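Understanding the architecture of this molecule
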Amino acid sequence: MIGADPAAAAAHTGRARAGEPFDPSAAAARATEAILRDTLHGADRGVVVDSPPGAGKSTLVVRAARELAAAGRPLMVVAQTNAQVDDLVDRLATADPDLPVGRLHSSDPHPYDPVLDGHAAVRASAKIADLAGLDIVVSTAAKWAHIKNVEPWRHAIVDEAYQMRSDALLAVAGLFERALFVGDPGQLDPFSVVGADQWAGLSYDPSASAVTTLLAHNPRLPQHRLPVSWRLPASAAPLVSAAFYPYTPFRSGTGHGERRLSFGVASDGTGPDRVLDEAAASGWGLLELPARRTPRTDPEAVAAVAQVVRRLLDRGAVAVSERSEEPLPVAADRIAVGTAHRDQAAAVRAALTGLGVSGVTVDTANRLQGREFDVTVVLHPLSGRPDATAFHLETGRLCVLTSRHRQACVVVCRAGVTELLDEHPSTEPVQLGVTVKFPDGWEANHAVLAHLAEHRVAWRP
Amino acid sequence: MSLITTLARMEAVREGRAQPLTTVRHRHLSERPLAFVPLTTAGEAGAPLGAMVGTDRDAPRLLIVAQPRDRDLRFAFLAELAEEIQPYLDSYADGIELEERKETDPETGKKVPVQVELCEDAPQLLVPSAAGVAFVRLLGRSMRFRRTAEQDPETPFPAPARVPLLGRWLTHYGERSRVPGSCLLLSLTELLSRHWATGQSNLEDQHLGSLLAWVDPPEGVSGAEAALRAESERDAHGQLRCPPAGPATDPAFDNKLLAPAMSRYDAARAEASQGVAGGEARLRLAEEELRRLLASQLRPTWDALWRGVDLLRSLPEGARVTDRWRRDRWSYTGHRDRVRAGEPPQPKRDDAVTAAQKLAARETAQAQLDAHEALDDPLVMAGRRLAGEAFAGEVIDVEMAWSDAKVPRPRPLVTVRTEDRPHLAERVKLHRVVADGKAQSGEFAGFADMDGPEGADESGESDESGGAGGADASDDTGASGAEYGPGGAARALVVRLTGGMGRGKQPEPGTVPEKGDRVCWTLFEHAPRGGPELPDPESTPWTHGGPPDAAAPAQGPEPDPMTEEDYL
């Protein structure tokens, strides 16, 4: 998996010296070794790992958990959602079928994925006492917060720590002595449905992310980052890295030409087909509809998104990647549609159903976090809007939407977003003591739009 | 802004007057609220200029600070304010009822019932606008750490009695007002804009005058026109006919009227202190003029505030408002107890655990408020239905079924015909209110054929026909038409009841809806639970800085050193 064009790949991080080929596997392995060394043998109570999209965060968590368990140090793992917990337990059990893993779950009906019942060494229970003595116990932060009166674990792994709120960490931090915090700083920040301004600037602002609070109180903790994205193709990593991670650049694990998308059926010349061809050739495509102010569920944009997906399936897309010798068809389950709002997702689902498409994942950015597909179709958060609110400008939202794909990403958007951005500079009040997040949504949106403009297909449906 | 609010605002523009957002009043209004209309001095944060205060709308008490830069006068004002407000706050402290509550016995560690006092009613403060609420907080912060001569004979600038106490109460009220749905301290602009949608922006709604102009325009004048007048109409002297609701004053008033009057006051005061003949009389005249000027700014807002109260009282109170007011009574009682126990004033900053507890409590309160409002009010529920968070319809079939457990439990399948488009996925939890006010739980079990409701699980197919059945789902308008359009085709949804049917094998009578019943299911819980218990502040974990330093003063870091500018 050596980059096909190491010189070009090296140029955008500026870290490798000229003439020295960049070996992504070696770079990633070095980072992992350093992380494991600090986790297993370091003196600090915490280790923080920043992981860009698709950099092997889950693999790292599984490996660290297994090594800790193998060293005779039982640990607890904190994830944020039940789906993440189930996925993690499944990965652990698949990697080591004999490893005793506990799945602590809620007392609701159907509390966990039945897939876990297929693993002999996995034990699931709603009571922590039932899981005593197991090497690894995994649960959500919400469930862990209810565990009381137990001997603290010597080790913990906190997964998706940047999506965990500071108050959630407060509720569970008494359960462990030291922990490995893993997460992606570029994704969506945690939020609160009520105002939390009164605590802005405090080191323990309960609405801030767990890592922000942790580092504010423990600034000397070792911080690592994973340097290689195995998910993003060579066409996407430079843009995502520059737009969302300007100070902590990463690179793609594959080089240009290693991944290819092609179609069995030629283009019919319509907008959706042309934008698919552009995306297959360059990794990015912008289907630009005429400027117009629309309701959130913009019927034309929703129909355009659905049409792109329909044509992607109809034209028999096949993907070449390092994962297999043969080109693999891009089936519905390898495609996702991302939106900003739930009603938009519902509208797209209805439109897809209307076109007879099923099996395609359609969801909001929040719910697509951590997931991976071959091709994604994104309804731009600012498309057709009269204003640019903090929600729609949030860097993490755009970052999640534009970093879920292994092959190509098509963005559907109405013209005029650049002007909209210029008319609505960020107006959030400056809070004393709060580190200004950079890049802000305004900057990141401009960076992405400037790049997408080179892959623009204007279309009037 | 939700779709239904947007719609109501567009209707308000078309009709030329505000449109109701609710059918009932969702906030408690006291029989005898205390109205407080404060004014602040331009250019000096936290320097009060004057206030109208009282419980009698026809006899407000006017308090002024003739020269706000004079700290003595400022304190005199705060002392007078305390004399007005504190007796009102205290007047509710002794009317109590006894409540039983479970508390952990410190010796045995067991939960034992104890009798506690709960005040029968609580004092309620009304201010004109959200800025007024912020000003109450600011006053509280500036007053609560003052020391009276009685508390500390050494203190160099003793505060008048009651001032620090009022500061603690205002702080408590200001903090409580951050809890969604709480009613101890309310602003009229927030109250009115919760219940009516105007044809202007949210920002413009913060102007009490123009908001009232939309809600209740004068005969024959459109809301937009009346609002424009309220905002900007000026008299021959360039003064606003409807002064702003404060606490900030209009600059034209400050420059043309207030500043000259204050200069005359200063001059008269200087003369009086030098013993110039007639100086005392001129000083009284100058002060009288200032009182008259400030009254001219305060009285219109005072009257507007009570007009708003009248409008809100014309709405019947929502059924669950009393429940929430009870929590306000607990909050009032709790603070009363802390004051009586001689606890120190609230700290400047919350510690990590307190901040997290407050945030969690407010999030729970928000979820409860949203649920309560929807259940109390079909118009609010309509908004939730439009947003895909609830659906209502007619029961067209009920099929008895039981769970596979050793002791089978009733799990009837209820088919509901609805035109709503809820955001459903398989096994999504559903909730509805049954006759006795209790909540019943269920889960979504799939779509049914409209003709024969047997095929409960043919979700894929029926879904498709449902989508296409809305005005051509494939054309331009189809997508939104299928989602929201009034012409969206009706679908049949199957709900599996999972609770609220009693303990037996057969559901208790009346707990399972019957064919022909109208039912309304929500995707949100009706009584959302609070978050987990947090550690005690003394066990704050290392990730959050460890336990607060007991040696550090509770009031945070030392104040900045005094400079010459502090003694202007």
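Structure shown above.
Counting starts from 1 at the beginning of each chain's written sequence and moves along it residue by residue. The order in which chains are written sets their letters, starting at A; the order in which ligands are written sets their numbers, starting at 1. Since the coordinates come from a predicted model, pLDDT governs what is reported: local features require at least 70, and pairs of side-chain atoms require 80 or more to be given and counted, while whole-chain, interface and lining totals use all residues. Side-chain calculation: all heavy atoms of the structure are included, whereas hydrogens and water are not.

Positive phi outside glycine occurs at Asn-149 of chain A, with the angle close to 55°. Looking at where Asn-149 of chain A falls in the secondary structure, it is placed in the loop between α5 (141-144) and β6 (153-158). Here's how the labels work: a residue is buried when its accessible area is under 20% of the maximum for its type, exposed when over 50%, partly exposed in between, all with a 1.4 Å probe on protein chains only. Here Asn-149 of chain A falls in the exposed class, since its relative accessible area comes to 81%. Phi angles above zero are rare outside glycine, and Arg-427 of chain B is one such case at about 70°. Assignment of secondary structure puts Arg-427 of chain B in the loop between β11 (413-418) and β12 (429-433). By the criteria applied, helices consist of DSSP H or I runs no shorter than four residues and strands consist of E runs no shorter than two, each listed in order from the N terminus.

Residues in a regular strand project their side chains so that they alternate between the two faces of the sheet. Residues and elements named next belong to chain A. Burial of strand β18 (residues 405-414) is extensive: 10 of the 10 residues sit out of reach of the surface. Note on pairing: DSSP must find at least two bridges between two strands before they are called paired. The sheet contact formed by strand β12 (residues 284-289) and β18 spans six bridges and is parallel. What sits directly across from Leu-289, in β18, is Arg-414. Here six bridges tie strand β17 (residues 373-379) to β18, and the two strands are oriented parallel to one another. If you follow Phe-373 over to β18, its bridge partner there is His-405.

Take the interface of chain A and chain B next. Contacts are assigned to residue pairs that have any heavy atoms within 4.5 Å of one another. Taken together, the contact pairs 46 residues of chain A with 38 residues of chain B. Roughly 3600 Å² of surface becomes buried between chain A and chain B when both sides are summed, with 65% attributable to carbon and sulfur atoms. Only one rule defines a salt bridge in this text: a Lys or Arg side-chain nitrogen within 4 Å of an Asp or Glu carboxyl oxygen. Counting the contacts that link chain A with chain B gives two salt bridges. Residue Asp-108 of chain A is joined to Lys-429 of chain B by a salt bridge in which the shortest nitrogen-to-oxygen separation is 3.5 Å. A 3.5 Å cut-off defines polar contacts: any pair of N or O atoms within that distance qualifies, except that in protein one atom must be a possible hydrogen donor and the other a possible acceptor, and neighbouring residues in sequence count only when both atoms are side-chain atoms. At the boundary of chain A and chain B, one finds 11 residue pairs in polar contact (both at pLDDT 80 or more). Of all the elements, helix α11 (residues 342-354) of chain A adds the most residues to the side of chain A that touches chain B, at eight residues. Buried area: the sum, over both parts, of the accessible surface (1.4 Å probe) that disappears when the two are put together.

What follows concerns the sheet that holds strand β3 (residues 48-54) of chain B. Residue and element names in this part refer to chain B. Spatially, the five strands line up as an open sheet ordered β4-β3-β2-β7-β8, and their pairing is mixed. With one partner strand each, in any of the chains shown, β4 (61-64) and β8 (185-187) form the two edges of the open sheet. Between one strand axis and the next, the sheet turns by 20° as a mean value, whatever way the strands run. Relative to strand β7 (residues 125-127), strand β2 (residues 34-40) runs parallel, the two being bridged by two bridges. Residue pairing in the sheet places Leu-34 in a bridge with Leu-125 of β7. An axis is simply a line fitted to the C-alpha atoms; with a helix, the fit covers only the stretch in contact. Between two such axes, the angle follows the N-to-C directions and lies from 0 to 180 degrees. Contacts from helix α3 (residues 130-144) reach β2, β3, β7 and β8 within the one sheet, and its direction differs from that of β2 by about 85°.

With that out of the way, let us pick up the nonpolar core. Core analysis: the biggest nonpolar cluster contains 84 residues, and Leu-81 and Leu-188 of chain B have the highest contact counts within it. The element that contributes the greatest number of residues to this core is helix α9 (residues 279-313) of chain B, accounting for 13 residues. Ignoring anything within four residues of it in the chain, the contact list for Leu-81 of chain B reads Phe-36, Val-53, Leu-63, Leu-139 and Leu-166 of chain B. Residues enter a nonpolar core if they are buried and are Ala, Val, Leu, Ile, Met, Phe, Trp, Tyr or Cys, with the set joined through side-chain atoms within 4.5 Å. Within the second largest apolar cluster, 37 residues are counted, among which are Leu-261, Ala-317, Val-337 and Val-457 of chain A.

Attention now moves to the sheet that holds strand β13 (residues 317-320) of chain A. Residues and elements named next belong to chain A. Ordered by their spatial adjacency, three strands build an open sheet running β11-β13-β14, and the pairing between neighbours is antiparallel. Strands at the two margins of the open sheet, each flanked by one partner only, are β11 (260-263) and β14 (328-329). Strand direction decides the pairing type here: β11 and β13, joined by four bridges, are antiparallel. Residue Arg-260 lies in a different strand from β13, and its bridge partner there is Val-320.

Let us look at the packing of helix α2 (residues 24-41) of chain A against helix α3 (residues 57-70) of chain A. Each pair of packed helices gets described by two things: the angle between the helix axes and the distance between those axes. All names here are of chain A. Axis separation between α2 and α3 bottoms out at 11 Å; the angle between their running directions is 40°. What the angle tells us is that α2 and α3 run oblique. Between α2 and α3 lies a crossing of right-handed hand. Contacts between α2 and α3 involve Thr-32, Glu-33, Ile-35, Leu-36, Thr-39 and Leu-40 from the former and Leu-60, Arg-63, Ala-64, Glu-67 and Leu-68 from the latter. Residue composition of the contact of α2 with α3, grouped by class: six nonpolar, two polar and three charged. Roughly parallel refers to an angle under 35 degrees, roughly antiparallel to one over 145, roughly perpendicular to one between 65 and 115, and oblique to any angle outside these ranges. Handedness of a crossing is defined here by the sense of rotation of the near helix relative to the far one, left-handed for an anticlockwise turn of less than a right angle and right-handed for a clockwise turn. The classification used treats Ala, Val, Leu, Ile, Met, Phe, Trp, Tyr, Cys and Pro as nonpolar, Asp, Glu, Lys and Arg as charged, and all other residues, Gly among them, as polar.

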